[in-house]
Amino acid sequence: MEYVLKTNEISKQYGDKLAVNGVNMIVHKGDIYGLVGENGAGKTTLMRIIAGMALPTTGKLELFESDDLDNARRKVGVLIESPAVFLNMTARENLIYFHILMGLEDLKQIDDVLETVGLHHVGRKKVKNYSLGMKQRLGIAIALLGNPDFLILDEPINGLDVSGVKEVRDLLLKINEDFGTTILISSHILSELSRIANRFGIIRGGVLEEEFTAEELKRCSSNCLEMSVSNVELSKQILNGLQGITDIQETSNGMLRIFGDVYLAGNINRRLVENGVDVDRLQPVKEDLESYYLKKNGGQEHDSTTKS
């Protein structure tokens, strides 16, 4: 399968800190690849290396199956951290500035890009008066100048309200589907990331620990039962070792999640009641990207609003 990005043992050292550690990663043509990780996991550093904004300490990478990175990066659009825009200028004025800065010639593309990101009706409104979602869409518009084949987006939905998140989500799906643009995106909002990405990578402590497709996640994710019980610790003792149960976890709100065969529900309920535990609620839940990530991360909660 044709790939847009391939890294080979990419590492980045800052003093005593190894921010990225031996990353081997592949993004195939047409992917929306979701990069998942905690604050300080190495997501932004890795993206900066791929975009040419930082040099790796060791390792190498290829773009579009080529090691001619200077030429290949002409086909890459980048939005890392906050959009670098001029607040006292309009969206169109900003795009004209970056269009000239990039040495592009066809000014008609500016109107096309404004329409793509839904900012073609803003007129003379200054960027300083935009909502955060509009500013993010403008940042994506700048990244789209030059018709890139590969977009690198670092936390583009972080801090947005519900409507802003939907606007950016729909925009990225449109860019991917209508233009065939490959996208590498990081986000803390895993529920949203799972709605657009078809491939994922989990990075922790600078190490890319796992890559998988959305279909693989769907197949390998365990079915589980979510339960509200009168005595959590006693319930764990009663159910521990019961045949068919692969894992028992306590959620942050005091619920129990029982992983394994959901057809054990009747047996689980009976065992608990017979041993004096009241079961207030018992329902099957399909594990999603967020719960899968938390399970891999030792069940620790993560901050879905903080910038990495």
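Residues numbered from 1 in each chain as written. Predicted model: local features only at pLDDT ≥ 70, side-chain atom pairs only at ≥ 80, totals over all residues. Heavy atoms only, no water.

## Here we look at the sheet that holds strand β8 (residues 199–204)
Each strand in a sheet pairs with another by means of backbone hydrogen bonds, the pair being arranged parallel or else antiparallel.
For step 1, the next point in the chain: An order of β5-β6-β7-β3-β8-β9 is seen for the six strands of this open sheet, with the pairing classed as mixed. Both edges of this open sheet fall to β5 (76–79) and β9 (207–213), since each of them pairs with a single strand only. When the angles between neighbouring strand axes are averaged without regard to direction, this sheet yields 15 degrees.
For step 2, the next point in the chain: Of the strand pairs in this sheet, strand β3 (residues 32–36) and β8 are connected by four bridges, and their pairing is parallel. Bridge pairing in β8 places glycine 34 opposite phenylalanine 200.
For step 3, the next point in the chain: The sheet contacts of helix α5 (residues 132–144) involve β5 and β6 (150–154), and relative to β5 the element is tilted by about 155 degrees. (Pairing = 2+ DSSP bridges. Helix = DSSP H or I, 4+ residues; strand = E, 2+ residues; numbered from the N terminus. Axes fitted to C-alpha atoms, helices over the stretch in contact; angles between N-to-C directions. Contact = heavy atoms within 4.5 Å.)

## Focus: empty space enclosed by the protein
For step 1, the next point in the chain: Under the defined criterion, the tally for this structure stands at two cavities of 30 Å³ or more.
For step 2, the next point in the chain: Roughly 40 Å³ of internal volume is contained in the largest cavity.
For step 3, the next point in the chain: Lining of the largest cavity is provided by Ile157, Val168, Arg169, Leu172, Ile185, Ser187, Glu192, Leu193 and Ile196.
For step 4, the next point in the chain: Of all the secondary structure elements, the ones that give two or more residues to the lining of the largest cavity are α6 (162–179) and α7 (190–196).
For step 5, the next point in the chain: Considered class by class, the residues forming the lining of the largest cavity number six nonpolar, one polar and two charged.
For step 6, the next point in the chain: The calculated volume of the second largest cavity comes to roughly 30 Å³.
For step 7, the next point in the chain: Contributing to the lining of the second largest cavity are 10 residues, with Leu225, Ile258, Phe259, Gly260 and Asp261 lying nearest its centre.
For step 8, the next point in the chain: Mapped onto the lining of the second largest cavity, the elements with two or more residues apiece are β10 (223–229) and β12 (256–260).
For step 9, the next point in the chain: Top contributing element to the lining of the second largest cavity by residue count: β12, with three residues.
For step 10, the next point in the chain: In the lining of the second largest cavity, the residues fall into eight nonpolar, one polar and one charged. (1 Å grid on protein atoms, 1.4 Å probe; cavity = no way out; pocket = protein on both sides within 12 Å on 5 of 7 lines; lining within 4 Å. Points joined across faces, edges and corners; volume = space filled by probe spheres on them. Nonpolar A, V, L, I, M, F, W, Y, C, P; charged D, E, K, R; others polar.)

## Focus: the layout of surface pockets
For step 1, the next point in the chain: Considering only enclosed or pocket space, the largest pocket measures out at about 480 Å³ in volume.
For step 2, the next point in the chain: Those elements that place two or more of their residues in the lining of the largest pocket are β5, α3 (91–101) and α5.
For step 3, the next point in the chain: A per-element tally of the lining of the largest pocket places β5 first, with four residues.

## Quick notes on the side chain of threonine 116
For step 1, the next point in the chain: With respect to the helices and strands, threonine 116 occurs in helix α4 (residues 108–116).
For step 2, the next point in the chain: For threonine 116, a relative accessible area of 15% corresponds to the buried category.
For step 3, the next point in the chain: Those residues in contact with threonine 116, other than ones at most four positions away along the chain, are Leu144, Leu171, Lys174, Ile175 and Phe179. (Buried < 20%, exposed > 50% of the residue type's maximum accessible area, 1.4 Å probe, protein only.)

## Considering the environment of leucine 145
For step 1, the next point in the chain: Checked against the element boundaries, leucine 145 lands in the loop between α5 and β6.
For step 2, the next point in the chain: Through-space distance from the C-alpha of leucine 145 to that of arginine 48 is 19 Å; in sequence the pair is 97 residues apart.
For step 3, the next point in the chain: Setting aside residues up to four positions removed in sequence, leucine 145 forms contacts with Leu95, Phe98, His99, Met102, Leu104, Gln109 and Val113.

## Things to note about the packing of aromatic side chains
For step 1, the next point in the chain: Taken as a whole and assessed by the stated rule, the structure comprises four aromatic pairs.
For step 2, the next point in the chain: Judged by centre distance (5.2 Å) and plane angle (90 degrees), the ring pair of tyrosine 97 and phenylalanine 98 falls under edge-to-face.
For step 3, the next point in the chain: Judged by its relative accessible area of 13%, phenylalanine 98 falls in the buried class.
For step 4, the next point in the chain: In textbook terms, an aromatic cluster arises when at least three aromatic residues are bridged by ring pairs, as seen for Phe86, Tyr97 and Phe98.
For step 5, the next point in the chain: Geometry around phenylalanine 64 places lysine 75 over its ring, the cationic atom sitting 4.1 Å from the centre. (Phe/Tyr/Trp six-rings, centres within 6.5 Å; stacked < 30°, edge-to-face > 60°. Lys NZ or Arg CZ within 6 Å of the ring centre and 35° of its normal.)

## Comments concerning the confidence of the model for the protein
The predicted coordinates should not be examined in detail at positions where pLDDT is low.
For step 1, the next point in the chain: The predicted model of the protein averages 88 in pLDDT, with 93% of residues at 70 or higher.
For step 2, the next point in the chain: Contacts from residues 301–308, a stretch scored under 50 in pLDDT, to residues over four places away or in other chains number 29 contacts. (pLDDT = per-residue confidence, 0-100.)

## Topic: helix α10 (residues 265–274)
For step 1, the next point in the chain: For α10, every residue scored as buried is listed here: Ala265, Ile268 and Leu272. Looking straight down α10, one finds that the buried residues subtend no more than 65 degrees of arc, so they occupy a single side. (Arc of directions from axis to C-beta.)

## Notes on the nonpolar core
For step 1, the next point in the chain: Among the nonpolar cores identified, the biggest contains 47 residues, and Leu95, Leu138, Ile140 and Leu172 are the most heavily contacted of them.
For step 2, the next point in the chain: If we ignore the near neighbours within four places in the chain, the residues touching leucine 138 are Val85, Ala91, Asn94, Leu95, Leu119, Val127 and Tyr130.
For step 3, the next point in the chain: Counting 28 residues, the second largest nonpolar core, distinct from the first, contains Tyr33, Ile50, Leu63 and Ala72. (Core = buried A, V, L, I, M, F, W, Y, C linked by side-chain atoms within 4.5 Å.)

## Description of the pattern of salt bridges
For step 1, the next point in the chain: The full count for this structure, using the stated rule, is 14 salt bridges.
For step 2, the next point in the chain: With a shortest N-O distance of 2.8 Å, arginine 169 and glutamate 192 are connected by a salt bridge. Remark: glutamate 192 occurs in helix α7 and arginine 169 occurs in helix α6; sequence separation between them is 23 residues.
For step 3, the next point in the chain: Classification of arginine 169 as buried rests on a relative accessible area of 11%.
For step 4, the next point in the chain: You can call glutamate 192 buried: its relative accessible area is 12%.
For step 5, the next point in the chain: The partner of arginine 257 in a salt bridge is glutamate 226, and the shortest N-O contact between them spans 3.1 Å. You can see arginine 257 sitting in strand β12 and its partner glutamate 226 sitting in strand β10, a full 31 residues away along the chain. (Salt bridge = Lys/Arg side-chain N within 4 Å of Asp/Glu carboxyl O.)

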